[in-house]
Each structure stands twice: as C-alpha cells, then as structure tokens.
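Given next are the chains, with one letter for each unit.
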Amino acid sequence: MSQARFACLQCPKTYDWLDLRYACDCGGLLEVKHDDPALRKLPELAEQRLTSRKPFDRSGVWRFREAVLPLPESMIVTQPEGQTPIYQSAALNQWAGHSRLSLKHEGENPSGSFKDRGMTAAVSMAKRLGMPVVACASTGNTSSSLAAYAARAGLKAIVFLPAGKVSQGKMAQTLGYGAKGLAIRGDFDDAMQIVRDLAAAGRVYMVNSLNPHRIEGQKTIIWEMLQDRNWEAPDWIVVPGGNLGNTSAFGKAIDEAYAWGWIQKKPRLATIQAEGANPFFRSYSRDFASLEPITAETVATAIRIGHPVNYPRAVKAILSTNGVVTDVTDAEIMAAKLAIDHAGIGCEPASAATLAGVRKLVKKAVISADEDVVLVLTGHMLKDPDAILKNGTLDCTEIDAKAEAISRALDSL
Ligand code: F0G
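Draft legend 1. Just the overall build of the chain, in detail. For the chain, the helix and strand inventory stands at 16 helices and 13 strands. Computed over C-alpha atoms, the radius of gyration of the chain comes to 21 Å, within 12% of the 22 Å expected from 2.2 N^0.38 for 413 residues, which places it in the range of a compact globule. Along the first, second and third principal axes, the C-alpha atoms of the chain reach 75 × 50 × 45 Å. Across the 413 residues that make up the chain, the buried fraction comes to 58%. For the chain, long-range pairs separated by at least 24 residues make up 70% of all intrachain contacts whose partners lie at least 6 apart in sequence. Of the roughly 16600 Å² of accessible surface on the chain, 51% is carried by carbon and sulfur atoms.

As structure tokens, then:
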C-alpha cells in the first residue's frame, strides 16, 4: 500500500528509500515521504491489528507500518516495542498549577526509553540493507536500545559514548547486551561527528536520528497516543529536546496525521531544554535566525548536547505546529523528577524537564491551566540510579534485626 521515497528538506531532490544514504547530495537532511491515498484509512487497520496475537501487529510501531517503513515481516526486528501507558496524577496537576495533564511513559519500552521505537525501524533497515555493523553516538539510551536490537538481529553494535558522562544504568545495560563500547574523551557532539565520518566512509550503518528511518519509528509515539485517545488531539504535546530527533518526529507525525484526516486539529508542540544545553531555545528566541552550537552541561545527561544534528527538521516541526521552545534549570528538572517519582510514575532526569517546562509555561500564561496537555516521559527511572540516590530525600535507616529495634523504628514513623 505504501509508496515511500526520501525527499530532501532543502532542495527538490528525491531518492529511493532503499538507498544507503543519510543526506541529500546538496547536504540537506532527508525525510521519508509516504504518498498513498490509502493511508487515510490506516487508523482502522491499526485498530484491527490490536486484536491480533502477532507481536508484529501489536507493536506500537508496526501496527502503523505502511506509514513507517514498508518492509516485509521477515525483515522486522521487533521486541515488540510501544504499547506504553498514559498516566494521570492529581498530585502532578497540582505541582504544575494545571488541571489536565497526561503523561505518556515511553520509559516503559523494552529497553527503558523511547529509542526502541526508532531503533526497531533502523535495525530492521540495517538487516534489509545487509549492513553487518551498526553504530551510534549516544548519551546512553540510544546505545542501550541499539545494543539490544543488534543482539536480537545478530548484528555487531559499536557505540561511541562521552567518557564519564553516561549514567551507570545505561552503561551497564549497553555493555550487558554485548555492544562494543568506545568511550570518547570528549562530549556527545564529538562522538556524533566520529560516527558521521565512519558512516560517510561506509564503515558502519549509522542509527542516530540523522537516519530518517529513526524518525519514522518515533512518529508512532504520537500516533499511538492519539489512537488511545480515539484520535482526539490534545492542545499541547510536551517533549524534552536534546539532539531534537523526537521534536522532529513529533512534528512530522502531527503533520501527517492532519494531512491524512486522522485528526481534526493540530496539537501545539512544546520542546523543553535544560538551561545548560539550550542551543535550540537560544535560536528560537532569535526567530530561528541560526543555530549557535554551545558546550553543554546539565544534570540531565541524556540531553547534554550542544550541537543538535536535527535542527532543520526541528525548526520545521515547531513552525508547522505553532509550537514553542523553552528551557529549565537543573534545579527545576530535579524538583520535577522528585514530584514524578513520588507520584509513583518515576522517570529519568531528562524526562522530568517536560513537567518543569509545563509549570514554567503555565506561569507565563503560554499554556492555560485548563488546556489538554500530554507530556512525553522519555526514559525509565532506573536508567539513572545516581540521580535518585544523590537527591538527599531518601528514607532508609539501617537497624539491628531485633524486635525491639524494629518496634522503635515503627514508633518513630
Ligand atoms: N530524553 C531521553 C531520556 C533521552 O535519552 C534523549 C536523547 C532525549 C530525551 C532527547 O531526545 O535527542 O530526540 O531530542 N538521548 C540520546 C541518546 C541523545 O544518545 O540516548 P532527542
């Protein structure tokens, strides 16, 4: 049913979507265009697939396959990903000064982050193209996801990580799945450049979100959320921004859902950055005049990125959804994380930037307190145990295993 092709974001050139390429000859980023009129009916098909017993049908990515990546089932590497829950919490509404927040928890994917949605597409594509070595630069979640999917597919995974800047949980997970780690003495942006060079030289298949197929998989975060709301679009969708793959994917998902008649209005996107890693916010503040890369620093190591490679796609996403970009301090991120953890939902620091951002945007009257808002939590609480153990509010007392000591401890509660 699908007629996909690569289209350049900067010039009219198009390419076959099975070409091994990450950019246009002019240097512009590529996006996948799907042109089949039958796509208007895809929500009905996706609904029927929910009753299937096959992982391929039930996957939150592959139930939308005709508008993601039209590969045959035999090529698909699926865990299966997606099918993530949407939470509501009176405590979090109150914390943010709002009344209608929902939180879609992408940390409840197989490897604990939203990356699995893009990775199932990119690794399936590596298999289709016959690429034996897959690689990424990562702050830890992309690498964990790649390591898992590559192991499932029998491919060799090489991951380039900023030395000393990846959380313990992600490091253990990435190496535990069997990836080869190369810890770069530099930051994520340095690692990203290395992988781009290796991919350009044909040494590896690059699965960072520069790869258009990653973006295609990540679109389904939005589609699955809309499906679970009976295609009733919210007023706002709020997402953390680092390398800006998700912002780009969400903008494309919204544009396509609207163009194909799946939704009757476009939600507005709000991308939230950490103050110490905010080149997108700075650019937004200057009407997207240009991107000035910075040296990034933040407690939210997942989004410690100073030179986001998806910038042109993300600008398009914000403009086309009448979106906004803001930033929040590390203290605001950690306060929001504590609130999310104590609501029994839990997430890693980068994900909590969303709630901190909503609180700020409500205070500034950009978001009104009764609008319908969906926050996307991007990573699981256990991804960054240090961020929990360091926060100083934990309550665990070591005592003797004696009835008297225990009774005294209970009396003091
Ligand atoms: N949240 C989490 C938990 C992430 O891991 C990332 C990115 C982001 C948000 C930002 O998403 O890059 O699409 O804007 N992590 C990448 C990685 C960089 O290597 O795991 P983005």
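Moving on, there is more to tell.
Draft legend 2. Representation of empty space enclosed by the protein in the model. According to the stated counting rule, one finds 2 cavities of 30 Å³ or more in the structure shown. Of the pockets and cavities examined, the largest cavity occupies roughly 330 Å³. Taken together, 28 residues line the largest cavity, and the ones lying closest to its centre are Phe-114, Lys-115, Asn-243, Ala-302 and Ile-303. Elements represented by at least two residues in the lining of the largest cavity include exactly helix 5 (141-153), helix 8 (212-218) and helix 10 (245-259). Sort the elements by how many residues they give to the lining of the largest cavity and helix 10 lands first, with 3 residues. Grouping the amino acids of the lining of the largest cavity by side-chain chemistry returns 9 nonpolar, 16 polar and 3 charged. For the second largest cavity, the calculated volume is near 40 Å³. As for the second largest cavity, its lining consists of Phe-6, Trp-17, Asp-19, Leu-20, Arg-21, Tyr-22, Met-125, Leu-129, Tyr-205, Asn-211, Pro-212 and His-213. Going through the elements one at a time, helix 4 (115-129) and helix 8 are the ones with two or more residues in the lining of the second largest cavity. Along the lines of polarity and charge, the residues of the lining of the second largest cavity split into 8 nonpolar, 2 polar and 2 charged.

Draft legend 3. Structural view of the layout of surface pockets. Space inside the largest pocket adds up to approximately 290 Å³. Those elements that provide at least two residues to the lining of the largest pocket are strand 3 (30-34), helix 8, helix 10 and helix 12 (311-320). At 6 residues, helix 10 tops the list of elements feeding residues into the lining of the largest pocket. Classifying every residue of the lining of the largest pocket by side-chain character gives 8 nonpolar, 3 polar and 9 charged.

Draft legend 4. Region of the structure containing the site of the ligand. Around the ligand sit 21 residues, and of these Ser-138, Gly-242, Asn-243, Leu-244 and Thr-378 come closest. In the environment of the ligand, an oxygen atom lies 2.7 Å from a nitrogen or oxygen atom belonging to the side chain of Ser-138. With respect to the ligand, the backbone of Thr-139 contributes an N or O atom lying 2.8 Å from an oxygen atom. Considering the ligand on its own, with 480 Å² of exposed area, one finds that the protein chains cover 98% of that surface. Most atoms of the ligand, that is more than half of them, are within 2 Å of grid points of the largest cavity. Along the lines of polarity and charge, the residues of the shell around the ligand split into 7 nonpolar, 12 polar and 2 charged.

Draft legend 5. Up close: the packing of aromatic side chains. Across all of its chains, the model carries 11 aromatic pairs by this definition. Both rings, one in Tyr-22 and one in Tyr-205, keep their centres 5.9 Å apart while their planes meet at 40°; by these two values the pair is tilted. One end of the pair, Tyr-22, is in the loop between strand 2 (14-16) and strand 3; the other, Tyr-205, is in strand 9 (residues 205-206), and 183 residues separate them in sequence. Here Tyr-22 and Tyr-205 have matching classes, each one buried. Chaining the aromatic ring pairs together yields one cluster made of Phe-64, Trp-223, Trp-231, Trp-260 and Trp-262. The ring of Tyr-15 has Arg-21 sitting right over it, with the charged end atom 3.8 Å from the ring centre.

Draft legend 6. Examining helix 5 more closely. Taking 1.5 Å of rise per residue, the 13 residues of helix 5 would be expected to cover 18 Å, and the 18 Å separating its terminal C-alpha atoms lies within 8% of that figure. Within helix 5, 10 of the 13 residues are buried, which leaves it mostly tucked inside the rest of the structure. Where helix 5 is concerned, the buried positions are Asn-141, Thr-142, Ser-143, Ser-144, Ser-145, Leu-146, Ala-147, Ala-148, Tyr-149 and Ala-150. Where helix 5 ends, the next residue or the one after it, Gly-154, has phi of about 75°, a positive value.

Cut-off values and rules
Residues numbered from 1 in each chain as written. Predicted model: local features only at pLDDT ≥ 70, side-chain atom pairs only at ≥ 80, totals over all residues. Heavy atoms only, no water. Helix = DSSP H or I, 4+ residues; strand = E, 2+ residues; numbered from the N terminus. Rg over C-alpha atoms; globule rule 2.2 N^0.38 Å. Buried < 20%, exposed > 50% of the residue type's maximum accessible area, 1.4 Å probe, protein only. Contact = heavy atoms within 4.5 Å. Areas by Shrake-Rupley, 256 points an atom, 1.4 Å probe, with all protein chains shown as cover. 1 Å grid on protein atoms, 1.4 Å probe; cavity = no way out; pocket = protein on both sides within 12 Å on 5 of 7 lines; lining within 4 Å. Points joined across faces, edges and corners; volume = space filled by probe spheres on them. Nonpolar A, V, L, I, M, F, W, Y, C, P; charged D, E, K, R; others polar. Near = heavy atom within 4 Å. Polar contact = N/O pair within 3.5 Å; in protein donor to acceptor, adjacent residues only side chain to side chain. Sits in = over half its atoms within 2 Å of the grid points. Phe/Tyr/Trp six-rings, centres within 6.5 Å; stacked < 30°, edge-to-face > 60°. Lys NZ or Arg CZ within 6 Å of the ring centre and 35° of its normal. Expected span 1.5 Å × (residues − 1).

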